[in-house]
Amino acid sequence: MRKIAVINQKGGVGKTTTAVNLSAALAEQGKRVWLIDLDPQAHASLHLGFGMQEEYMSVYDVLTDQTALADVCHQVEDNLWLTPSHIDLAAAEMELSGAVGREIILRDKMADMHQDFDYIIFDCPPSLGVLTLNALTTADEIYLPLQPHFLALHGLSKLLRTIELVARRLNSNLRLTSLIYCLFDTGTRLANEIVGDVEYFFAQHQGTSSIWAEVNSFDTRIRRNIRLAEAPSYGQSIFQYAGDSNGAQDYRSLAMEVMKQTEQISARQAESAENIAADAHEVVAGDVDDDQPWLYHSR
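Now for a look at the structure at hand. Remember, predicted model here, so these are calculated numbers, not experimental data. Every residue gets a number counted from 1 within its own chain, in the order that chain's sequence is written. Totals for whole chains, interfaces and linings use all residues, but because this is a predicted model, local features are given only for residues with pLDDT of at least 70 and pairs of side-chain atoms are given and counted only at 80 or more. To obtain the side-chain values, all non-hydrogen atoms of the structure were included, while hydrogens and water were left out.

1. So, helix 1 (residues 15-28)
Short version of the rule: Numbering of helices and strands runs from the N terminus; a helix is a DSSP stretch of H or I covering at least four residues, while a strand is a stretch of E covering at least two. Each helix should span, by expectation, one fewer than its residue count multiplied by 1.5 Å. Throughout this description, buried means an accessible area under 20% of the type-specific maximum (1.4 Å probe, protein chains only), exposed means over 50%, and partly exposed covers the range between.
For helix 1, which comprises 14 residues, the first-to-last C-alpha distance of 20 Å matches the rise-based estimate of 20 Å (1.5 Å per residue) to within 8%. Among the 14 residues of helix 1, 12 are classified as buried, and the element is accordingly described as predominantly covered. Among all positions in helix 1, only Lys15, Thr16, Thr18, Ala19, Val20, Asn21, Leu22, Ser23, Ala24, Ala25, Leu26 and Ala27 are buried. Just beyond helix 1, the residue with positive phi is Gly30, at close to 90 degrees.

Here is the structure:
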């Protein structure tokens, strides 16, 4: 199971669009996906047709009350579950200001969740407060959606410092693994120049101990597409609203890359397990001293 936080403190870069439609694309491929909406604007919830009525429980109740995550996990499509947000979540930071361990409430609640998923995706708010910290302490990976525009890169260094601080103090497993370029204008020189600058910046950290030392950029570029902007107003993912659009094609392509990435991670983990087992076998074998052949018989 992969736990992925989709995060960027800059609004309007395609963060929620990516969290929703990547989740839907993976679900379309038969993967069991759980999307957790941590943004008080509740745009991911609205995108999937989950309205902002007062009567339903949300992630706000999980963070501020004794509500279990299982009680706010709703199936919204085949293979796709949603934990919705609510406008009340905007008050959570103030309500939790004096709470001990407020940064790890979600992680603790997640430990009591027994349903199996292939992917858990967190849609984070465009800020670096306690809601985002809860996502970062619970997730193992970060996907960073970027708009190839100068202003969209403003503040990136602050975000990276926050991620590094969380990894150092609260979640040693956390890694920035992938960049997703959204709202991409394929015909402009600026977009390709910005991508080049970002790639150069992260290339400088390869081979270091940095938590983004192994970051990669997905080959798929999420192009500007009006259908992606229209789909939320109908409470549908892009695949329900306009399954043949460029937006749907791009997110299907991105999902295929994510699944390929998952296979590679599984292969590396299996290889690592084999190496550990082989090392353990060598240690045991090394205990058998040729000068003490009786050990063979005693075993």
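2. A few points about helix 8 (residues 156-169)
The condition is simple: Regarding the arc, it is the one traced by the directions from the helix axis to the C-beta atoms.
A rise of 1.5 Å per residue sets the reference length of helix 8, with its 14 residues, at 20 Å; its end C-alpha atoms lie 20 Å apart and thus fit the reference within 8%. Within helix 8, the full set of buried residues consists of Leu156, Leu159, Leu160, Thr162, Ile163, Val166 and Ala167. The arc enclosing the buried residues of helix 8, seen along the axis, measures out at 160 degrees, which places them on a common side. Away from its buried face, by an angle of more than 90 degrees, helix 8 presents the exposed residues Arg161, Arg168 and Arg169.

3. A word on the pattern of salt bridges
Where we set the bar: Salt bridges are identified by distance alone: a Lys or Arg side-chain nitrogen within 4 Å of an Asp or Glu carboxyl oxygen.
The tally for this structure, following the rule as stated, stands at eight salt bridges. Measuring nitrogen to oxygen at the nearest pair gives 3.9 Å for the salt bridge that ties Lys15 to Asp39. Of the two residues, Lys15 sits in helix 1 while Asp39 sits in the loop between strand 2 (33-37) and helix 2 (43-47), which places them 24 residues apart along the sequence. Of the two residues examined, Lys15 and Asp39, each falls in the buried class. What emerges from the salt-bridge pattern is a single network uniting Lys15, Asp39 and Asp123.

4. Observations regarding the sheet that holds strand 4 (residues 80-83)
To keep it simple, the criterion reads: Any two strands with at least two DSSP bridges between them are considered paired. An axis is simply a line fitted to the C-alpha atoms; with a helix, the fit covers only the stretch in contact. Between two such axes, the angle follows the N-to-C directions and lies from 0 to 180 degrees. Contact between two residues is taken to exist if any of their heavy atoms lie within 4.5 Å; hydrogens are not considered.
Spatial strand order, 3-4-2-5-1-6-7-8: eight strands in an open sheet with mixed pairing. A single partner strand is all that each edge strand has here, and the edge strands are strand 3 (74-77) and strand 8 (216-223). Taken pair by pair, the neighbouring strands of this sheet meet at an average axis angle of 25 degrees, ignoring direction. Relative to strand 5 (residues 119-123), strand 2 runs parallel, the two sharing five bridges. Bridged to Ile36 within strand 5 is Phe122. With respect to the sheet, helix 1 is in contact with strand 1 (2-6), strand 2, strand 3, strand 4, strand 5, strand 6 (141-146) and strand 7 (175-184), its orientation differing from that of strand 5 by roughly 165 degrees.

5. Looking at unusual backbone geometry
Positive phi, normally seen in glycine, also occurs at Asn79, with a value near 70 degrees. Here Asn79 is to be found in the loop between strand 3 and strand 4. Looking at Asn79, the relative accessible area reads 24%, which means it is partly exposed.

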